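One letter stands for each residue in the lines below.
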Amino acid sequence: MKIKLYNKIAACGLAQFPSTYEVGADFDNENGIVVRSADLHEVAFPDTLMGIARAGAGVNNIPLDKCTEKGIVVVNTPGANARAVIELCLAGLFLASRKIEDGAEWTKTLAGRDDALKVVEKEKSRFAGPEIFGKTLGVVGLGAIGGGVANAAVALGMKVLGYDPFVSVDAAWHLDPAVEKTEDLDKIFRDCDYISVHVPSLPATRGMICKANLAKMKDGVRILNLARADLVVDEDVIEGLESGKIAAYFTDFPTGKLAGHDGVIGTPHLGASTPEAEDNCAVMACAQLTDFLENGNIKNSVNMPAVHLGRAEANRVGIFYRAEAEVDANLQKLVFGARKAGATKGGVSYLLCESENEFDTDKIKAVEGVIRVTSY
Ligand code: MLT
């Protein structure tokens, strides 16, 4: 198998691949791709490509529809870098409150002055800012990161309101009972002193921090975005900062329009930039890709269903097909008697079959509606 790397991936992740794999940045006809932030939208994928592993959570750098059409599995690593992003978000809460950045920058101007401490006492009121204790934080998106931020904020004495119409049972179990859940996003906009967004970039979420929603917020709201740049409308945030509607905007995605603007505190997409998160993501991404390439098992895919049939021990075939009853019925006849696991996601079904007998893959491929067939 050939694995193409589009970014630097931690060595402990690459160690997940069997020693027979060729792993590198410079070849064609790869079977798998591992990527962090490189943009794959304009990349022409070879027919040999079976799976893409994103070492991270967001997948907006991967053309998902194109992958699904070609039967290419895209997996990500939910939760693997959550701790790192949560910690930066907590730093963001304090930075958005206490003018730490402005104060630290100003402090540099005192270098060498004998009266520095005197000047400090005279000027410090310029850098005053509120405590977070007792304030209300709204968390939009209660996945591994948003849920962790919500819990940590409770521990720091904040009141926390959480909104997530798609929260998983597992994520809900991990939430501190003090986190008040709401099904009304406007309540978050209306009632919170701080709002932190932790949702993927999707048509429904893009531009959610916009003029219309800002108008619902408290004057002097502080907004945090460690998720994706396009969740906010830059011009509207700038207008909000200039009018005083927004007291501070902390972002890990400083666009050219926002960087350097008064009230914007930016970091260069540092959320997951800890050695621990990079290792966790790399190990999870490469292990999941290996399990798919070796056994056909799919876990944490964003475009294909999760299916698990253990390690391949006999003839095994994986079939992606249009999720239609007729296609399924025609395929079931061809894999009759085999051990199977299957599931459907969106419009695509996946059937993983194992048998002591050989599968007639030509016949399987010929079934109308079959997208891709792989023998293991
Ligand atoms: C993520 O999507 O996991 C984070 O934004 C961090 C990253 O892109 O590496």
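Below: a short report on this structure. Values in this document were obtained by computation on a predicted structure and should not be read as measured data.

Notes on the overall build of the protein
Helix and strand counts for the protein stand at 13 helices and 16 strands. Structurally, the protein occupies a C-alpha span of about 85 × 45 × 35 Å along its principal axes. Across the 376 residues in the protein, those meeting the buried criterion constitute 50%. Relative to all contacts within the protein whose residues are 6 or more apart in sequence, the contacts with residues 24 or more apart total 63%. When the accessible surface of the protein is summed, it comes to about 18,200 Å², and 52% of that surface belongs to carbon and sulfur atoms. Each charge class in the protein was averaged separately, 40 positive and 51 negative side chains, and the resulting centres sit 3 Å apart.

With respect to the pairing of strand β6 (residues 136-140)
Within a regular strand, the side chains alternate between the two sheet faces. Of all 5 residues in β6, 5 are buried, a share of seventy percent or more. Residues Thr136, Gly138 and Val140 of β6 are buried on one face, and the alternating residues Leu137 and Val139, pointing to the opposite face, are buried as well. Bridge count between β6 and strand β7 (residues 159-163): 5 bridges; the pairing is parallel. Bridging from a neighbouring strand, Val140 pairs with Tyr163 of β7. The handedness of the β6 to β7 crossover, carried by helix α6 (residues 144-155), is right-handed. Inspection of the sheet shows β6 paired to strand β9 (residues 194-197) by 4 bridges, in the parallel sense. Note on β9: the bridge partner recorded for Val140 is Val197.

What to know about the nonpolar core
One finds Ile3, Val34, Phe292 and Phe320 to be the most contacted residues of the largest nonpolar core, which totals 29 residues. Breaking this core down by element, the ones donating at least two residues are β1 (2-5), β5 (73-75), α11 (275-295) and β15 (348-355). In terms of residues, this core owes the most to one element, α11, which gives 7 residues. Beyond its immediate chain neighbours, meaning those up to four positions away, Phe292 contacts Met50, Gly51, Val73, Asn297, Ile298, Phe320, Tyr350 and Tyr376. Membership of the second largest hydrophobic core comes to 28 residues, among which are Val139, Ala152, Tyr194 and Leu226.

Let's talk about unusual backbone geometry
Glycine aside, negative phi is the norm for most residues, and most peptide bonds take the trans geometry. In this model, Asn29 sits at a positive phi of 55°, which is unusual for a non-glycine residue. With respect to the element layout, Asn29 can be found in the loop between β2 (22-24) and β3 (32-35). Overall, the relative accessible area of 46% leaves Asn29 in the partly exposed class. Despite not being glycine, His269 shows a phi value in the positive range, around 45°. Relative to the helices and strands, His269 resides in the loop between β12 (264-266) and α11. Judged by its relative accessible area of 36%, His269 is partly exposed.

A closer look at the site of the ligand
In the vicinity of the ligand, the contacting residues are Arg36, Arg54, Gly56, Ala57, Gly58, Asn81, Arg228, His269 and Ala272. In the model, an oxygen atom of the ligand is placed 2.6 Å from a nitrogen or oxygen of the Ala57 main chain. In the environment of the ligand, an oxygen atom lies 2.8 Å from a nitrogen or oxygen atom belonging to the side chain of Arg228. With the chains in place, 93% of the 260 Å² that the ligand exposes on its own is no longer accessible.

Things to note about the sheet that holds strand β16 (residues 370-375)
With antiparallel pairing, 4 strands are arranged side by side in an open sheet as β14-β15-β13-β16. At either margin of the open sheet sits one strand with a lone partner, and together these are β14 (339-345) and β16. For this sheet, the mean angle separating the axes of adjacent strands, direction not counted, is 10°. Along the sheet, helix α12 (residues 325-334) contacts β13 (315-322), β14, β15 and β16; its crossing angle with β13, the most-contacted strand, is approximately 165°.

Re the layout of surface pockets
Here the second largest pocket is characterised by a volume of approximately 410 Å³. What lines the second largest pocket is a set of 19 residues, among which Asp102, Asp262, Gly263, Val264 and Ile265 lie closest to the centre. Broken down by secondary-structure element, the contributors of at least two residues to the lining of the second largest pocket are α3 (82-98), α4 (100-107), β11 (246-251) and β12. A per-class count over the lining of the second largest pocket returns 9 nonpolar, 5 polar and 5 charged.

Rules behind the numbers
- Numbering of residues starts from 1 in each chain and follows the order in which that chain's sequence is written.
- In keeping with the predicted nature of the model, local features appear solely for residues at pLDDT of at least 70, side-chain atom pairs appear and are counted solely at 80 or more, and the whole-chain, interface and lining totals rest on all residues.
- With hydrogens and water set aside, each side-chain value is computed from the structure's full complement of heavy atoms.
- To qualify as a helix, a DSSP run of H or I must reach at least 4 residues; to qualify as a strand, a run of E must reach at least 2; elements of each kind are numbered from the N terminus.
- Any residue under 20% of the maximum accessible area for its type is buried, any over 50% is exposed, and the rest in between are partly exposed; the area is computed with a 1.4 Å probe on protein chains only.
- Whether two residues are in contact is decided by their heavy atoms, any of which lying within 4.5 Å being enough.
- Residue exposure ignores everything except the shown protein chains as possible cover, and the areas themselves are Shrake-Rupley values with a 1.4 Å probe.
- Residues scored as positive are Lys and Arg, those scored as negative are Asp and Glu, and His as well as the terminal groups of each chain are ignored.
- A charged residue contributes its charge at one atom only: NZ of Lys, CZ of Arg, CG of Asp or CD of Glu.
- If DSSP finds at least two bridges between two strands, the strands pair.
- Seen with its strands pointing away from the viewer, a crossover is right-handed when the path leading from the first strand over the helix to the second is clockwise.
- Residues grouped as a nonpolar core are buried Ala, Val, Leu, Ile, Met, Phe, Trp, Tyr and Cys residues, joined through side-chain atoms within 4.5 Å.
- Neighbouring residues are identified by heavy atoms, a residue being near a molecule or strand if any of them is within 4 Å of it.
- Pairing of N or O atoms within 3.5 Å defines a polar contact, subject to two protein rules: one partner must be a possible hydrogen donor and the other a possible acceptor, and residues neighboring in sequence count only if both atoms are side-chain atoms.
- Lines fitted to C-alpha atoms define the axes, with helix axes restricted to the stretch in contact, and inter-axis angles between N-to-C directions lie between 0 and 180 degrees.
- With a 1 Å grid spanning the protein atoms alone, the term cavity applies to any set of points in which a 1.4 Å probe fits but cannot get out, the term pocket to an open set with protein on both sides within 12 Å along at least five of seven lines, and the term lining residue to any residue with an atom within 4 Å of a point.
- Grid points are joined across faces, edges and corners, and a volume is the space filled by probe spheres set on the points.
- Each residue is assigned to one class: nonpolar for Ala, Val, Leu, Ile, Met, Phe, Trp, Tyr, Cys and Pro, charged for Asp, Glu, Lys and Arg, and polar for all the others, Gly among them.

Note that all results are geometric; they support no functional claim without further evidence.
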